[in-house]
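Observations on chain architecture
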Amino acid sequence: MTDGTMTAAQLGFYGCLICHRVTECTTGDITARCSRCGALLHRRKPNSISRTWALLLTGYMLYIPANVLPVMHTGSLFTSQSDTIMSGIVYLWTSGSWYLAGIVFIASIFVPAAKLAILTFLVISVQRRSTWGRLDRTKMYRVVEFIGRWSMLDIFVVTILVALVRLQSLATISVGLGAVAFGTVVVLTMFASMQFDPRLIWDLQAEERSLQGNNDGHS
Amino acid sequence: MDISDLIACHDCDCLQRRVPLPLGGAARCSRCDALLYRSCRGGTQKTLAYTVAALFLFLIANIYPIAGIEVQGNRQVASLYDAVSLLWEEGHPEVAVLVGLTTMITPIIQIGLVLFLLVPLHFNHLIQGVVPVLRILETVRPWSMMEVFFLGVLVSLFKLEQLARVEMGIALWAFAAMIPLLVAGAMTFEPDEIWEQVSSLS
Ligand SMILES: [Zn+2]
Ligand SMILES: [Zn+2]
């Protein structure tokens, strides 16, 4: 115990994720309840790794149609046009709105890709019982939780465009299948980051320490 | 050692002793730097004030149009409800539900439940159902996306500006004013404080 840290789980305590009360637990995972708020307690989120994997893999599969299929169809009397997320960004860029193009690129292309990549890396590192950069990986997880919501941006943009351009002689705009796939990717990655339990990143250290502690006690 | 003096970090499970905080202070995990709890005198009073103001702005934001465009003398305005119902009619109910949940339903659930908790506490009444209410608040929190929606409206108006005359609606200003209030409400809302008040009343 070099830095004196112990985890709640090592000492048989469960921390409540709802009210933050610590409860001593001897009965095991299924019946444990918080002594203050009555919430079901788990040592770690149940099946965290396999659930996160399932959501991530579905997210990867839908990431392709989300970027290839059009998110928006624009039609006027003479022309019709379909826009993917990327072509919408290119349009903003070539029309001189560089800031806007940058914002939409970060929110719609970079953030979803970064989320999938970081969560995949975190899950694999936990499965491989990696000891590398625990603090850094915890911070990466917090970044994922923080930025995830911003990839909804393009869905909202299409929503407002559709609502304002209806019934105009100018043009008609409708939602494309790409937007449905894209929205699903956002929702899936949000669920994936909720299912992942960051405490798993630190667990191996706790096990090693308690083993060392036992050995020291015997010698 | 009293068990109620302990706190387990939600990000790394490190067990630590609670310490009294100076006003406005925050306790962070010694191992992973996660925010554990905060201290804020009159925190619930402030949250209550911010939330009541946010409720008024939320109503305005949902009644009035967000924006309008004008092309060749035709004027078209749309409220948030118009936008969501149009998605539904157009044959994209899943997108309509996603937009409706993140911009209308989740925010009003948050505002409503915070008022349901804090108004009785303000008058020192013990209320039933604190546990499910705090649990629902914790569950819906990630799905409230007002600030993302606001940015989305701005981006779409910039896009339309090339084609038509664009005007910003009253609801857009209400959104702009509501977002900092919701952030301030969330910053001062400390469930720990509510738990303490509830246990001191019971
Ligand atoms: Zn609890
Ligand atoms: Zn921690």
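Here we summarise the structure given alongside this text. (Residues numbered from 1 in each chain as written. Chains lettered and ligands numbered in written order. Predicted model: local features only at pLDDT ≥ 70, side-chain atom pairs only at ≥ 80, totals over all residues. Heavy atoms only, no water.)

The next thing to look at is the coordination of the zinc ion (ligand 2). Residues and elements named next belong to chain B. Within the protein, the zinc ion (ligand 2) binds to Cys9 (SG), Cys12 (SG), Cys29 (SG) and Cys32 (SG); these donor distances fall in the range 2.2 to 2.4 Å. Metal-centred angles of 103 to 115° between the four donor atoms at the zinc ion (ligand 2) mark the site as tetrahedral. Read in sequence order, the donor residues coordinating the zinc ion (ligand 2) give the pattern C-x2-C-x16-C-x2-C. Placement of the pair is cysteine 9 in the loop between strand E1 (6-8) and strand E2 (15-17) and cysteine 32 in the loop between strand E3 (26-28) and strand E4 (35-38), with a sequence separation of 23 residues. We classify cysteine 9 as buried; its relative accessible area is 1%. (Donors = N, O, S within 2.8 Å, 3.2 Å for Na, K, Ca; no water. Tetrahedral: all angles 85-135°; square planar, octahedral: opposite > 155°, others 65-115°. Helix = DSSP H or I, 4+ residues; strand = E, 2+ residues; numbered from the N terminus. Buried < 20%, exposed > 50% of the residue type's maximum accessible area, 1.4 Å probe, protein only.)

With that settled, the discussion passes to the packing of helix H3 (residues 93-122) of chain B against helix H4 (residues 130-140) of chain B. Residues and elements named next belong to chain B. It is the contact of H3 with H4, at a shortest axis distance of 10 Å, that shows an interaxial angle of 150°. In terms of axis orientation, H3 runs roughly antiparallel to H4. Crossing hand, H3 versus H4: left-handed. Of the residues in H4, those in contact with Thr106, Ile109, Gln110, Leu113, Val114, Phe116 and Leu117 of H3 are Val130, Val133, Leu134, Ile136, Leu137 and Val140. Considering only residue class, the contact of H3 with H4 consists of 11 nonpolar, two polar and no charged. (Axes fitted to C-alpha atoms, helices over the stretch in contact; angles between N-to-C directions. Parallel < 35°, antiparallel > 145°, perpendicular 65-115°, else oblique. Left-handed = near helix turned anticlockwise from the far one by under 90°. Contact = heavy atoms within 4.5 Å. Nonpolar A, V, L, I, M, F, W, Y, C, P; charged D, E, K, R; others polar.)

Residue and element names in this part refer to chain A. Taken together, three strands build an open sheet; the order of strands is E4-E3-E5 and the sheet is antiparallel. Of all strands in the sheet, those bounded by a partner on one side alone are strand E4 (80-83) and strand E5 (172-175). Shown here is a sheet whose adjacent strand axes are inclined to one another by a mean of 15°, direction ignored. Here strand E3 (residues 72-75) runs beside E4; their pairing, made up of four bridges, is antiparallel. Pairing of methionine 72 across the sheet is with aspartate 83, part of E4. Helix H5 (residues 153-165) contacts E3 and E5 of the sheet and is inclined by roughly 145° relative to E5. (Pairing = 2+ DSSP bridges.)

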